[in-house]
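# Inside the fold
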Amino acid sequence: MESGRQAYRDIGGSDPERMAAPKVAEYVQNLFKGSCVKVQVVSDSNVFKNEFPLLAAVNRAANGVVRHQGRLIHLQYEGEGPIHTTLMLVGKGITYDTGGADIKAGGVMAGMHRDKCGSAAVAGFFQILALLKPKGLKVIGAMSMARNSVGSDCYVADEIITSRAGVRIRVGNTDAEGRMAMSDVLCYMKEKAPSEVNPHLFTIATLTGHSIRAMGPNYSIIMDNGPAKKEHASQKVQASGDEWGDPFEISNIRREDYEFHKGKSEYEDVLQSNNSPSSATPRGHQSPSAFMIMASGLDKHGVDSSQPLKYSHIDIAGSSGPFPGVPTGAPIVALAAQYILPNM
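Now for a description of the structure that goes with this document.

## Description of the overall build of the protein chain
Across its full length, the protein chain carries 12 helices and 11 strands. Its C-alpha radius of gyration of 18 Å places the protein chain within 12% of the 20 Å reference for a compact globule of 344 residues. C-alpha extents for the protein chain along the principal axes are approximately 50 × 45 × 40 Å. Here the protein chain, with 344 residues, has 59% of them falling under the buried criterion. For the protein chain, the proportion of contacts with a sequence separation of at least 24, taken over those separated by at least 6, is 79%. Accessible surface for the protein chain amounts to roughly 13400 Å². Of this, 49% is attributable to carbon and sulfur atoms. Distance between charge centroids for the protein chain: 2 Å, based on 35 positive and 35 negative side chains.

## What to know about the layout of surface pockets
One number sums up the size of the largest pocket: a volume of about 920 Å³. Lining of the largest pocket is provided by 39 residues; of these, Lys-104, Met-112, Leu-207, Thr-208 and Gly-209 occupy positions nearest its centre. Those elements giving two or more residues to the lining of the largest pocket turn out to be β3 (85–97), α6 (177–192) and α7 (209–215). At three residues, α6 tops the list of elements feeding residues into the lining of the largest pocket. Taken together, the residues of the lining of the largest pocket break down into 13 nonpolar, 17 polar and nine charged. Lining the second largest pocket are 14 residues, and of these Asn-225, Gly-226, Tyr-258, Gly-302 and Val-303 sit closest to its centre. Classifying every residue of the lining of the second largest pocket by side-chain character gives six nonpolar, four polar and four charged.

## Focus on the packing of helix α1 (residues 2–13) against helix α2 (residues 21–31)
Between α1 and α2, whose axes approach to 11 Å, the crossing angle comes to 160°. Here α1 lies roughly antiparallel to α2, going by the angle between them. α1 and α2 meet at a crossing whose hand is right-handed. For the pair α1 and α2, contact is made by Gln-6, Ala-7, Asp-10 and Ile-11 and by Val-24, Tyr-27, Val-28 and Leu-31, respectively.

## Examining the environment of Gly-318
Within the secondary structure layout, Gly-318 lies in the loop between β11 (310–315) and α12 (332–339). Gly-318 sits in the buried class, given a relative accessible area of 11%. C-alpha of Gly-318 to C-alpha of Gly-216: the two residues are 102 residues apart in sequence and 6.8 Å apart in space.

## Some points on the pattern of salt bridges
One pass over the full model with this rule turns up 18 salt bridges. For the salt bridge of Asp-153 with Arg-60, the shortest nitrogen-to-oxygen distance reads 3.8 Å. One end of the pair, Asp-153, is in the loop between β4 (137–148) and β5 (160–162); the other, Arg-60, is in the loop between α4 (53–59) and β2 (71–78), with 93 residues separating them in the sequence. Arg-60 gets classed as partly exposed once you look at its relative accessible area, which sits at 27%.

## Here's the deal with α2
The complete set of buried residues in α2 reads Ala-21, Pro-22, Val-24, Ala-25, Tyr-27 and Val-28. Elements that come into contact with the buried residues of α2 comprise α1, β1 (38–42), β2, β3 and β4.

Cut-off values and rules
- Residues numbered from 1 in each chain as written.
- Predicted model: local features only at pLDDT ≥ 70, side-chain atom pairs only at ≥ 80, totals over all residues.
- Heavy atoms only, no water.
- Helix = DSSP H or I, 4+ residues; strand = E, 2+ residues; numbered from the N terminus.
- Rg over C-alpha atoms; globule rule 2.2 N^0.38 Å.
- Buried < 20%, exposed > 50% of the residue type's maximum accessible area, 1.4 Å probe, protein only.
- Contact = heavy atoms within 4.5 Å.
- Areas by Shrake-Rupley, 256 points an atom, 1.4 Å probe, with all protein chains shown as cover.
- Lys, Arg positive; Asp, Glu negative; His and termini not counted.
- Charge placed at Lys NZ, Arg CZ, Asp CG, Glu CD.
- 1 Å grid on protein atoms, 1.4 Å probe; cavity = no way out; pocket = protein on both sides within 12 Å on 5 of 7 lines; lining within 4 Å.
- Points joined across faces, edges and corners; volume = space filled by probe spheres on them.
- Nonpolar A, V, L, I, M, F, W, Y, C, P; charged D, E, K, R; others polar.
- Axes fitted to C-alpha atoms, helices over the stretch in contact; angles between N-to-C directions.
- Parallel < 35°, antiparallel > 145°, perpendicular 65-115°, else oblique.
- Left-handed = near helix turned anticlockwise from the far one by under 90°.
- Salt bridge = Lys/Arg side-chain N within 4 Å of Asp/Glu carboxyl O.

Geometry only, nothing functional implied.
Here it is as structure tokens:
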């Protein structure tokens, strides 16, 4: 467990130059060299543009600086024996968040090198997999690494960008970049999921200040879509977290969250965000999960569909640790206790 948390801290807690996206890719490749974890790194900006256009938009301003260029890091582990569960993890890896054109002003930018803790959690979880080698479990991971820079080529509010799923997204606030960085990668996982055994998709992110306002610091927040809720996924993870000292609170995705993100005109299908901080927005930590479901096409895989897919979103903005300070490693201990230890 602690080895996974150490990898998490190395990535999540290090400064935005030492762990810029290309450096994170190098670190991960070295970490899993010779192990049972497969690593593939996507660095081609044309692949970003054509296959992950929302991630490409976030990466656009930083793409002109070689040392800050984005990376998409794919990880895969497959345990021995018949596979009974497949976890599909997408981590937010914003190496530095200036806010973009909607710049973080008033002294609130400091600490934004920690906006990559979601991807750090994915890497840390795979480190635990590499050491414990659980049987019957397959895990597919993706670390969406980009820097939300500000400059002449940064994406701006009012742009309309078509997602990988073919959904027209109107940008409302460039500081809501985390959901953009993950949605197309979540769509990629959604496309792969039907060919996997018992898939469960996750997004993990330091996503909203609202999560801290709602639940206080120190707690991860998990919320399920309909198919995951039917299996009480959040309650099971929460119970594991309580046992292992990695505590969770549970939130719910409601119809109002989907309504909030519906397009407001004929030009767009989905509104990415309003132009207020999440902390000043009602249901500010719940509604981003509805956005990601809509932007990725997962809304076509609910309980009433012919092919339901389980999806849970974990917001670790509060639980990832204080700044200044050291990242905690949340939520990998709870996830490992729930999914890895029972398969030893």
